[in-house]
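Architecture and fold: a report
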Amino acid sequence: TQDKILLTDDSDLLLTTLTESVQNAKPGTTQFYPVVQDNAVERPATTEEFFASLNTRLSDNALRTLDDDFMIGSVTTSENEPYLVLQSNDFDTLFSALLAWETTMRDDLAPLFGTVIPPVTPFTDTIANNRSVRILRAGDGKSLLLYSFINQGTVVITKSEEALGILLEKF
């Protein structure tokens with residue numbers, strides 16, 4: 001299924017809308033399409049507009065490597081989990097930017113990906129679903145946020161290895 005989400009300058013409202021959309025999504029995989037209103041015309045939001053609406057601290061250099069098209073949605077595991085799929089034309093630049101973003105990624109994407117209560121370990125390398133993954137875990141070892149390049153131009157950000165596995169089946 002597909003749902004439209006209007007981008008707004010109010011990042012709290014946008015995150016609340018996205019969070020509610022994920023929580024209320026029908027079981028399975030749902031895509032949300034962020035849109036912007038230009039005068040009376042509605043059009044798909046670009047990746048840069050989306051990240052600007054969230055007030056993320058992903059570097060401008062990284063944003064320039066991202067394609068305008070992206071996916072955000074919900075995938076059902078034991079619960080509905082959010083995901084982002086980003087396309088890039090420069091793997092090396094985006095990968096290094098994601099590594100640098102790790103220090104604030106959790107805060108930038110919360111509450112969409114879940115508010116985290118410390119203690120939290122730093123991102124670490126692991127293998128999940130036969131893919132290299134950078135993963136952020138809670139002190140108890142539970143995965144909180146992860147990202148993985150599924151090919152040289154596509155990165156998936158989600159909450160769990162199970163969600164990543166389901167998403168990999170879709171690509």
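First, a word on what this report is: a plain description of the structure on this page. Note that residues are indexed from 1 along each chain, following the sequence as it is written. In view of the model being predicted, local features appear only for residues whose pLDDT reaches at least 70, and side-chain atom pairs are presented and counted only at 80 or more, with totals across whole chains, interfaces and linings using the full set of residues. Side-chain measures here rest on the full set of heavy atoms in the structure, leaving out hydrogens and waters.

**A word on the overall build of the protein chain**
Each helix and strand in the protein chain was counted, giving five helices and nine strands. Secondary structure is summarised from DSSP: a helix means a run of H or I of at least four residues, a strand means a run of E of at least two, and numbering begins at the N terminus for each. Along the chain direction, N to C, the helices and strands of the protein chain fall in the order β-α-β-β-α-α-β-β-α-β-β-β-β-α. The quantity called the radius of gyration is restricted to C-alpha atoms. Its globule counterpart is 2.2 Å times the number of residues to the power 0.38. Its C-alpha radius of gyration of 15 Å places the protein chain within 12% of the 16 Å reference for a compact globule of 171 residues. Along the three orthogonal principal directions, the C-alpha set of the protein chain runs to about 50 × 35 × 30 Å. By the burial criterion, 49% of the 171 residues in the protein chain qualify as buried. Long-range contacts, defined as pairs at least 24 residues apart, comprise 56% of the intrachain contacts of the protein chain with a sequence gap of at least 6. Taken as two groups, the 12 positive and 25 negative side-chain charges of the protein chain have centres that lie 5 Å from each other. Exposure is judged per residue with a 1.4 Å probe applied to protein chains only, and the accessible area is read against the type maximum: over 50% gives exposed, under 20% gives buried, and values in between give partly exposed. The contact criterion used is simple: two residues touch if any of their non-hydrogen atoms lie within 4.5 Å. Here Asp and Glu are counted as negative and Lys and Arg as positive; His is not counted, and neither are the chain ends. A charged residue contributes its charge at one atom only: NZ of Lys, CZ of Arg, CG of Asp or CD of Glu.

**Describing the pairing of strand 7 (residues 131-137)**
Alignment of strand 6 (residues 124-128) against strand 7, held across five bridges, turns out to be antiparallel. Within strand 7, the position partnered with Asp 125 by the bridge is Arg 134. Here the rule is simple: two strands pair whenever DSSP picks up at least two bridges between them. The loop that links strand 6 with its antiparallel partner strand 7 comprises two residues; one of these, Asn 129, has a positive phi angle of about 55 degrees. Strand direction decides the pairing type here: strand 7 and strand 8 (residues 143-151), joined by four bridges, are antiparallel. Bridge pairing in strand 8 places Leu 136 opposite Leu 145. The loop that links strand 7 with its antiparallel partner strand 8 comprises five residues; one of these, Gly 141, has a positive phi angle of about 95 degrees.

**So, the packing of aromatic side chains**
The relation between two aromatic rings is expressed through the spacing of the ring centres and the mutual angle of the planes. To pair, rings of Phe, Tyr and Trp, with the six-membered ring standing in for Trp, must have centres within 6.5 Å; the planes then decide the type, stacked if under 30 degrees apart, edge-to-face if over 60, and tilted in the middle. Taken as a whole and assessed by the stated rule, the structure comprises seven aromatic pairs. Ring centres of Phe 91 and Phe 95 lie 5.8 Å apart, and the angle between their planes is 5 degrees; on these two criteria the pair is classed as stacked. Placement of the pair is Phe 91 and Phe 95 together in helix 4 (residues 91-109), with a separation of four residues, close to one helical turn. Relative accessible area serves as the criterion here: at 24%, Phe 91 is assigned to the partly exposed category. Pairwise contacts between aromatic rings join Phe 50, Phe 51, Phe 70 and Trp 101 into one cluster.

**Section: a negative patch on the surface**
The grouping of Glu 48, Asp 60, Asp 67, Asp 68 and Asp 69 at the surface amounts to a negative patch. Top element by residues in the negative patch is strand 4 (residues 66-76). It accounts for three residues. The residue Asp 67 is located in strand 4 in this model. Patches in this entry comprise residues that are over 30% relatively accessible and not in a salt bridge; like charges within 9 Å are linked, as are nonpolar side chains (Val, Leu, Ile, Met, Phe, Trp, Tyr) within 5 Å. Areas reported as accessible are Shrake-Rupley estimates using a 1.4 Å probe. Residue values count occlusion only from the protein chains shown. Just to be clear on terms, a salt bridge is a Lys or Arg side-chain nitrogen sitting within 4 Å of an Asp or Glu carboxyl oxygen.

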